[in-house]
Amino acid sequence: WRGREGARYSTLVPSDEVTVNYRHGLPVITLMLPTRSERCQFTVKPVVTTVGAFLQDVQREDKGIERAEVFATDGSKVSDATLMEVLLMNDFKLVINNTAYSVSPPVKDKLSSEHATEMEDIKCLVHRLFVALHLEDHQIRKERELLQKLDHLKGELLPLEQMKARIMDSADAKTSRLLWVGLALMSTQGGALAWLTWWVYSWDIMEPVTYFITYGSAMAFYAYFVLTKQDYIYPHAKDRQFLHYFYRKSKKQHFNVERYNKLKDDLAEAEESLRRLRQPLHLRLPIQEISDKD
């Protein structure tokens, strides 16, 4: 028999010498090794194994095979890069040395549903085995890494937290003093206006004075809005003044606010990762391992 490329083969062996059967959803190719004179089975993964990889496996099994090729039924050579899934869709010829084997794979669509069920069961079993053998170890290792990271971040944050507490106490004290000073000034202003109205001058004289004081206060509140883009609300003004004192004190004591915020963000992220990691852990991990690490 002569192929399209002009190669001559001494014999054309019937299809029963090379068989293709499906076992557990995977094709098993059985053929006779020429120099070893024994039948050998090759289980291939059709979606990932190429024709070239299959032929290499055959030659690796029998060192006496000098030539291994695959041809289509019309005599054209099948590329080594072709997937076995594509090759097994149609009949083909397997050439080993000078012998050509006619191969007729079974139609995959005609396979029984039992094979498909077995394949799904195998996939489920493999997944469960992977979880049992690897997932818990990975989660335990990842949890230890996160715990070490948390300890490291807390160690860096401890002196910064202490410094921040001192700065906040100082800023809060100054803000409170400022509020009391404002109350004292308003009380003094009210008392002075009352004294000038009833004991020194009359209301006819003091009315324009109070008007301009009120108008000046309105101008001050409007200037505050222009500068800060916020309404003059007492809680907001207090917080703004507190931050002003806080940052000024932090600069004097060389407190790195940006580094502190970065460490706090990293700590929150690590705690969230640990919380999400421990959600499946309580279903799989022995209780004593969790309690030991806690």
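Each chain has its residues counted from 1, running along the sequence as written. Restriction of local features to residues with pLDDT of at least 70 applies here, the model being predicted, together with a cutoff of 80 or more for giving and counting side-chain atom pairs; totals for whole chains, interfaces and linings are based on all residues. The side-chain values count all of the structure's non-hydrogen atoms but skip hydrogen atoms and water molecules.

Novice: Pulling in residues and values, what's your account of the overall build of the protein chain?
Specialist: Along the protein chain, the regular secondary structure elements total seven helices and seven strands. Comment: elements are numbered from the N terminus, with helices defined as DSSP H or I runs of at least four residues and strands as E runs of at least two. Going residue by residue from the N terminus, the α and β elements of the protein chain occur as β-β-β-β-α-β-α-β-β-α-α-α-α-α. Contacts are assigned to residue pairs with any non-hydrogen atoms lying within 4.5 Å of each other. Pairs at least 24 residues apart make up 60% of the contacts formed inside the protein chain by residues separated by at least 6 positions.

Novice: Summarise the UniProt feature "transmembrane region" (unreviewed entry) in the protein chain; cite the residues concerned and give the values.
Specialist: UniProt positions are given in the numbering used here, feature names are shortened, and annotations may be inferred rather than shown by experiment. According to UniProt, the "transmembrane region" (unreviewed entry) feature falls on residues 178-197 and 209-227. As a span, residues 178-197 carries 100% helix and 0% strand, and end to end its C-alpha atoms are 28 Å apart. Across residues 209-227 one finds 100% helix and 0% strand; the C-alpha atoms that close the span lie 27 Å apart.

Novice: So what's going on with the pattern of salt bridges? Which residues, and what values?
Specialist: A pairing counts as a salt bridge when a side-chain nitrogen of Lys or Arg comes within 4 Å of a carboxyl oxygen of Asp or Glu. Across all of its chains, the model carries seven salt bridges by this definition. Two residues, R60 and D57, come together in a salt bridge whose shortest N-O distance is 2.6 Å. Note that R60 and D57 are positioned in helix 1 (residues 51-61) at a spacing of three residues, about one turn of the helix. Any residue under 20% of the maximum accessible area for its type is buried, any over 50% is exposed, and the rest in between are partly exposed; the area is computed with a 1.4 Å probe on protein chains only. According to the relative accessible area criterion, R60 is partly exposed, its value standing at 49%. Under the relative-accessibility criterion, D57 is labelled partly exposed at 32%.

Novice: Can you tell me about the side chain of T49, naming the residues and giving the values?
Specialist: Secondary-structure assignment places T49 in the loop between strand 4 (38-43) and helix 1. On the accessibility criterion, T49 (15% relative accessible area) is buried. Dropping the residues within four chain positions of it, T49 is found in contact with V44, F54, T82, L83 and M84.

Novice: Can you break down the packing of aromatic side chains residue by residue, with the values?
Specialist: A pair of aromatic rings is counted whenever rings of Phe, Tyr or Trp (Trp by its six-membered ring) have centres within 6.5 Å, and the orientation is called stacked for planes under 30 degrees apart, edge-to-face for over 60 and tilted otherwise. The tally for this structure, following the rule as stated, stands at seven aromatic pairs. With a centroid separation of 6.3 Å and 80 degrees between ring planes, the pair formed by F246 and F255 is classed as edge-to-face. The exposure class of F246 is buried, given its relative accessible area of 8%. A centroid spacing of 5.7 Å and a plane angle of 50 degrees characterise the contact between F255 and Y260, whose relative ring orientation is tilted. The class of F255 is buried, set by a relative accessible area of 5%. With a relative accessible area of 5%, Y260 lands in the buried category. Three or more aromatic residues link up through ring pairs in this structure, and these residues are F242, F246, Y247, F255 and Y260.

Novice: How would you sum up the pairing of strand 7 (residues 99-103)? Please name residues and give values.
Specialist: Of all five residues that make up strand 7, four are buried, and the element is covered over most of its length. By this definition, two strands are paired if DSSP reports at least two bridges between them. Summarising the sheet, strand 6 (residues 92-96) and strand 7 pair through five bridges and their orientation is antiparallel. Looking at strand 7, one finds that K93 is bridged to S102. Where strand 6 folds back onto strand 7 in an antiparallel hairpin, the turn is made up of two residues, including N97, whose phi is positive at roughly 55 degrees.

Novice: An account of the sheet that holds strand 2 (residues 19-23) is requested, with residue identities and associated values reported.
Specialist: Read from one edge to the other, the open sheet built from three strands follows the order 2-3-4, with strand pairing classed as antiparallel. Only two strands of the sheet have a single partner each, and these edge strands are strand 2 and strand 4. Adjacent strand axes in the sheet meet at a mean angle of 30 degrees when their direction is disregarded. Both strand 2 and strand 3 (residues 26-33) contribute to a ladder of five bridges, which runs antiparallel. Within the sheet, the bridge partner assigned to R23 lies in strand 3 and is L26. The axes are straight lines fitted to the C-alpha atoms, using for helices just the contacting stretch, and the angles between their N-to-C directions are given from 0 to 180°. Packing against the sheet, helix 1 makes contact with strand 3 and strand 4, and its axis sits at approximately 145 degrees to strand 4.

Novice: Describe in detail the pairing of strand 2, supporting the description with residues and values.
Specialist: By the alternation rule, side chains of strand 2 split into V20 and Y22, which are all buried, and T19, N21 and R23, of which none is buried. A loop of two residues connects strand 2 with strand 3, the two strands running antiparallel in sequence, and H24 in this loop sits at a positive phi of about 55 degrees.

Novice: Could you give me a rundown of unusual backbone geometry, with the residues and numbers involved?
Specialist: In this model, H254 sits at a positive phi of 60 degrees, which is unusual for a non-glycine residue. The topology assignment puts H254 in the loop between helix 5 (234-252) and helix 6 (257-284). H254 gets classed as exposed once you look at its relative accessible area, which sits at 71%.

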